[in-house]
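Per-entry structural report
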Amino acid sequence: MRIDDMRISVGKIRLIGLGPGDRALLTPAALDAICCSDAVVGYDGYLDQVRDLTGGKQIVSMPLGMEMQRAAKAVKLASEGKAVAMISSGDIGVYGMAGPVFEHLAANGWDGKHPQVEVVPGVTAAQAAASVLGAPLMQDFCAISLSDLMTPWEAIRKRLDAAAYADFVIALYNPRSKRRRKQIAEARSIILKHRAANTPIGIVRNACRTDQESTLTTLGELEQHFDRIDMFTTLIIGNSTSYIHNGRMITPRGYMNSSRQTS
Ligand code: SAH
């Protein structure tokens with residue numbers, strides 16, 4: 001027997017994206033990964049989404065704001081040989097917990113094998129919001145988070161300016177919270193420097209959840225809708241070609257004007 005085979009058990013961390021909320025959008029791979037785990041680590045709100053799948057498992061819930069502690073706890077449990085499911089909403093690799101776990105491992109001399117780490121993707125908020133709106137992400141797009149908790153506001157301003165200048169469709173995550181109110185107004189002003197006031201914007205709150213709400217507006221009129229925007233909301237700002245038709249937001253893919261269509 002080789003030494004490797006004699007190791008009692010190698011722990012494993014599965015980093016799992018739960019999707020936006022609707023159970024039908026939890027992937028079969030994510031479901032399997034949760035079901036075959038010994039311990040589930042996450043923030044209370046996310047644990048509630050999968051409570052029916054976690055019976056008999058060790059549950060480690062930690063409040064928002066304790067991301068590095070959550071990562072350390074997951075690594076500790078895996079070092080004890082457990083199969084650990086770390087869960088987060090949407091895609092765990094998009095403003096989620098995949099980063100803190102890998103960072104914690106890297107800072108502690110991880111050899112890449114002990115523990116094993118697997119990332120299970122999920123449907124991210126931008127995709128969920130886009131599905132509610134129609135087809136707004138048909139051209140190059142980017143995601144920008146307006147949270148300046150860990151990224152200086154100056155850096156976010158620069159990204160907004162560059163993305164607007166380069167005519168990306170922009171998905172805005174973390175757009176407005178109780179304490180963070182000015183950022184969305186400033187983001188609008190920056191984008192207005194490069195884009196017309198009639199640029200369509202989709203505001204989607206709780207996409208693909210039972211209490212989903214969506215509003216279509218324009219960059220010029222966005223201010224009237226600030227009250228609808230909170231931390232459960234994703235905004236999709238169209239590019240210079242996006243338009244609204246019968247309540248749907250469309251960014252043309254380009255085929256209608258393409259010479260290939262007639263050739
Ligand atoms: N990992 C998540 C993003 C976490 S950041 C993902 O991939 O979706 C948190 C932000 O995501 C929220 O402030 C909001 O902007 C967005 N968000 C997450 N779920 C959402 C939903 N169901 N509807 C609309 N926005 C959502």
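Notes on the structure in this doc start here. All figures in this text were calculated on a predicted structure; none of them were measured in a lab.

With that settled, the discussion passes to the overall build of the protein chain. Along the protein chain, the regular secondary structure elements total 8 helices and 13 strands. When its C-alpha atoms are laid out on the principal axes, the protein chain stretches across 65 × 50 × 35 Å. The buried share among the 263 residues of the protein chain stands at 44%. In the protein chain, once contacts between residues fewer than 6 apart in sequence are set aside, the share between residues at least 24 apart is 69%. In the form shown here, the protein chain has an accessible surface area of approximately 13,900 Å², with 52% of it arising from carbon and sulfur atoms. In the protein chain, 30 positive and 26 negative side-chain charges are present, and the distance between their average locations comes to 1 Å.

Helix 8 (residues 182-192) packs onto helix 7 (residues 153-165) with a crossing angle of 35° between their chain directions and a minimal axis gap of 9 Å. Where helix 7 crosses over helix 8, the two elements pack in a sense that is right-handed. From helix 7, Trp153, Arg157, Leu160, Asp161 and Ala164 reach across to helix 8, where they touch Gln183, Glu186, Ala187, Ile190 and Ile191. Taken together, the residues that form the contact of helix 7 with helix 8 break down as 6 nonpolar, 1 polar and 3 charged.

Quick look at the nonpolar core now. Core analysis: the biggest nonpolar cluster contains 22 residues, and Ile144, Leu146, Leu160 and Leu172 have the highest contact counts within it. When residues of this core are traced back to their parent elements, those giving at least two are strand 7 (141-145), helix 7, strand 8 (169-173), helix 8, strand 9 (200-205) and strand 11 (233-237). Here this core takes 5 residues from helix 7, the largest share from any one element. Within the second largest apolar cluster, 18 residues are counted, among which are Ala39, Met62, Ala71 and Val84.

Parameters at a glance
- Residues numbered from 1 in each chain as written.
- Predicted model: local features only at pLDDT ≥ 70, side-chain atom pairs only at ≥ 80, totals over all residues.
- Heavy atoms only, no water.
- Helix = DSSP H or I, 4+ residues; strand = E, 2+ residues; numbered from the N terminus.
- Buried < 20%, exposed > 50% of the residue type's maximum accessible area, 1.4 Å probe, protein only.
- Contact = heavy atoms within 4.5 Å.
- Areas by Shrake-Rupley, 256 points an atom, 1.4 Å probe, with all protein chains shown as cover.
- Lys, Arg positive; Asp, Glu negative; His and termini not counted.
- Charge placed at Lys NZ, Arg CZ, Asp CG, Glu CD.
- Axes fitted to C-alpha atoms, helices over the stretch in contact; angles between N-to-C directions.
- Left-handed = near helix turned anticlockwise from the far one by under 90°.
- Nonpolar A, V, L, I, M, F, W, Y, C, P; charged D, E, K, R; others polar.
- Core = buried A, V, L, I, M, F, W, Y, C linked by side-chain atoms within 4.5 Å.

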